Amino acid sequence: MEFTAMSVFKLPAAAEFGLDAIDTEHREIADSINACVEMAAKVTTRLDLMLFHDLRQKMADHFLHEETIMQQAGFPWLSEHQAHHQKILVRLAALVTQCGDKGGIELVDLAAMFESLIDDVLRADLAFKTFLYEKNLLR
Ligand SMILES: [Fe+2]
Ligand SMILES: [Fe+2]
């Protein structure tokens, strides 16, 4: 897949969760990835690996926060969701290592990072959203 300076990763409208605390963090992570995309468009070299450590940390912080909210709400699939978060973090750690091996981050790696965000937002978090709706905790 080819990426250009105009490639900006957008969260689809369906990704809107309805809880400010969660939506804000999803948006902040997407914004951070896009800030890296803009940076990558301006340079011919690979981006510093430190940026990926920051992104991965942001994602890890979000996961912890989300798990706390789930626990407080009595979400019955918390451990499955935690396992899903862990899987994403392991994948991101591998991506960081891979980027370290090749000496930095490229646009294709940022796309992979965004894919991981989508994996959380669209494939896992929606089950929690459904649970909150069913319990009348979200409208
Ligand atoms: Fe999640
Ligand atoms: Fe999330």
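Residues numbered from 1 in each chain as written. Chains lettered and ligands numbered in written order. Predicted model: local features only at pLDDT ≥ 70, side-chain atom pairs only at ≥ 80, totals over all residues. Heavy atoms only, no water.

Student: So what's going on with the coordination of the iron ion (ligand 1)? Residues and values would help.
Tutor: Note on the iron ion (ligand 1): its protein donors are Glu66 (OE), His81 (NE2), His85 (NE2), Asp120 (OD) and Asp125 (OD). The metal-donor distances range over 1.9 to 2.2 Å. In the primary structure, the donors to the iron ion (ligand 1) are separated according to the pattern E-x14-H-x3-H-x34-D-x4-D. In this model, the iron ion (ligand 1) sits 3.5 Å from the iron ion (ligand 2), the two metals being bridged by glutamate 66. Taken as a pair, glutamate 66 in helix α2 (residues 50–73) and histidine 81 in helix α3 (residues 78–102) lie far apart in primary sequence, 15 residues in all. Given the relative accessible area of 1%, glutamate 66 is considered buried. (Donors = N, O, S within 2.8 Å, 3.2 Å for Na, K, Ca; no water. Helix = DSSP H or I, 4+ residues; strand = E, 2+ residues; numbered from the N terminus. Buried < 20%, exposed > 50% of the residue type's maximum accessible area, 1.4 Å probe, protein only.)

Student: Quick rundown of the confidence of the model for the protein? Include the residues and the values.
Tutor: Overall, the predicted model of the protein reaches an average pLDDT of 91, with 95% of residues at or above 70. The weakest mean pLDDT in the protein belongs to helix α1 (residues 20–42) at 92; the strongest belongs to α3 at 96. (pLDDT = per-residue confidence, 0-100.)

Student: Describe unusual backbone geometry, listing the residues and the values that go with them.
Tutor: Residues other than glycine seldom take positive phi values, yet asparagine 136 does so here, at roughly 60 degrees. Position of asparagine 136 among the secondary structure elements: in the segment after α4 (107–134).

Student: Any chance you could break down the coordination of the iron ion (ligand 2) for me, citing the residues and the numbers?
Tutor: Each pair of donors in an ideal octahedron of six around a metal sits at 90 or 180 degrees, and each pair in an ideal tetrahedron of four sits at 109.5 degrees. Around the iron ion (ligand 2), the protein contributes the donor atoms His26 (NE2), His62 (NE2), Glu66 (OE), Asp120 (OD) and Asp125 (OD), at 2.0 to 2.2 Å from the metal centre. Spacing between the donor residues of the iron ion (ligand 2) along the chain follows H-x35-H-x3-E-x53-D-x4-D.

Student: For the packing of aromatic side chains, give the residues involved together with the corresponding values.
Tutor: Enumeration according to the criterion identifies six aromatic pairs in this entry. Ring geometry for phenylalanine 128 versus phenylalanine 131: centroids 6.4 Å apart, planes at 15 degrees, classification stacked. With phenylalanine 128 and phenylalanine 131 both in helix α4 and three residues apart, the pair spans about one turn of that helix. Of the two residues, phenylalanine 128 and phenylalanine 131, neither departs from the other in class, the shared state being buried. (Phe/Tyr/Trp six-rings, centres within 6.5 Å; stacked < 30°, edge-to-face > 60°.)

Student: Account for α2, naming residues and giving values.
Tutor: The end-to-end C-alpha distance of α2, which contains 24 residues, comes to 35 Å, matching closely the 34 Å that a straight helix rising 1.5 Å per residue would cover. Regarding α2, the residues found buried are Phe52, Leu55, Met59, Ala60, His62, Phe63, Glu66, Glu67, Ile69 and Met70. At its buried positions, α2 is contacted by α1, α3 and α4. Positioned one or two residues after α2, glycine 74 has a phi angle of 75 degrees, which is positive. (Expected span 1.5 Å × (residues − 1). Contact = heavy atoms within 4.5 Å.)

Student: Break down the side chain of histidine 26 for me, citing the residues and quoting the values.
Tutor: Inspection of the secondary structure assignment puts histidine 26 in helix α1. There is a polar contact of 3.4 Å between the side chain of histidine 26 and the side chain of glutamate 66. Contact partners of histidine 26, with chain neighbours within four places excluded, come to Leu11, His62, Glu66, Leu117, Asp120, Val121 and Asp125. (Polar contact = N/O pair within 3.5 Å; in protein donor to acceptor, adjacent residues only side chain to side chain.)

Student: Can you tell me about the pattern of salt bridges, naming the residues and giving the values?
Tutor: Taken as a whole and assessed by the stated rule, the structure comprises seven salt bridges. Here arginine 46 ties to glutamate 106 by a salt bridge, and the two come within 3.4 Å at their closest N and O atoms. Separated by 60 residues along the polypeptide, arginine 46 in the loop between α1 and α2 and glutamate 106 in the loop between α3 and α4 bring together distant segments of the chain. For arginine 46, a relative accessible area of 40% translates into the label partly exposed. By relative accessible area, which is 30% here, glutamate 106 ends up partly exposed. A salt bridge links aspartate 109 to lysine 102; the shortest N-O distance between them is 2.8 Å. One salt-bridge network, held together by shared partners, links Arg46, Lys102, Glu106 and Asp109. (Salt bridge = Lys/Arg side-chain N within 4 Å of Asp/Glu carboxyl O.)

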